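Next come the chains, spelled out residue by residue.
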Amino acid sequence: MGSPIVIMGVSGSGKSTVGAALAQRLRVPFGDADDFHPPANIAKMAAGHPLDDDDRYPWLETIGQWLEDHHDGGVMSCSALKRKYRDQLRRHCADVQFLHLTGTPEVIGRRQASRPGHFMPAALLNSQFETLEPLDSDEAGITIDVDQNIDAIIDTYVAATSPVRGEK
């Protein structure tokens, strides 16, 4: 198999949709970090308050454990907006790869508006963009623009991360 993959980006970037489709393509387990939030975090976000690092730490520890448990392959959707959050995940699974789904606030806002009932209100989108620290050159992963269809995003990722045919 391969290393686990974290699909990262701001709320509304398509992490869960792309992650589930990528996991299906790769035939590996999929996890959605939203499902790992404790009730207090969900209530805080639903009330329009962004999570702070103290709220995120135990949640990221749970995500990191999932990655460690799926070290031979798995896909997890997780915002992982800050470098220190990604470092926390890497402490559990050093070979984790990141796929950063990126887009303009306008594109992401349109996508987010089409998700009625999600616990992350659109008003928090600006705080997510302010918090976002894109992948650094020393972090294993790639960035792909979300202003295209899911198959194109997955095809781009698979092509960029697959070994060249014929190489040993």
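A brief look at the structure comes next. What you are looking at is a predicted structure, and each value in this text was computed from that prediction instead of being measured.

Here we come to the packing of helix H1 (residues 15–26) against helix H7 (residues 150–161). Contact geometry of H1 with H7 gives a least axis separation of 10 Å together with a crossing angle of 55°. By the angle between their axes, H1 is oblique relative to H7. As for the relative orientation of H1 and H7, their crossing is right-handed in sense. Facing Thr17, Val18, Ala21, Leu22 and Arg25 of H1, the residues of H7 in contact are Ile150, Asp151, Ile153, Ile154, Asp155, Tyr157 and Val158. Its residues placed into classes, the contact of H1 with H7 shows 8 nonpolar, 1 polar and 3 charged.

At a minimum axis separation of 8 Å, helix H3 (residues 53–69) and helix H4 (residues 83–92) run at an interaxial angle of 35°. Seen along the crossing, H3 lies across H4 with a hand that is right-handed. Residues Asp53, Arg56, Tyr57, Leu60, Glu61, Ile63, Gly64, Gln65, Leu67 and Glu68 of H3 form the contact with H4, whose own contacting residues are Lys84, Tyr85, Gln88, Leu89 and His92. Classifying every residue of the contact of H3 with H4 by side-chain character gives 6 nonpolar, 4 polar and 5 charged.

Cut-offs applied
- Residues numbered from 1 in each chain as written.
- Predicted model: local features only at pLDDT ≥ 70, side-chain atom pairs only at ≥ 80, totals over all residues.
- Heavy atoms only, no water.
- Axes fitted to C-alpha atoms, helices over the stretch in contact; angles between N-to-C directions.
- Helix = DSSP H or I, 4+ residues; strand = E, 2+ residues; numbered from the N terminus.
- Parallel < 35°, antiparallel > 145°, perpendicular 65-115°, else oblique.
- Left-handed = near helix turned anticlockwise from the far one by under 90°.
- Contact = heavy atoms within 4.5 Å.
- Nonpolar A, V, L, I, M, F, W, Y, C, P; charged D, E, K, R; others polar.

These figures come from the coordinates and say nothing about function on their own.
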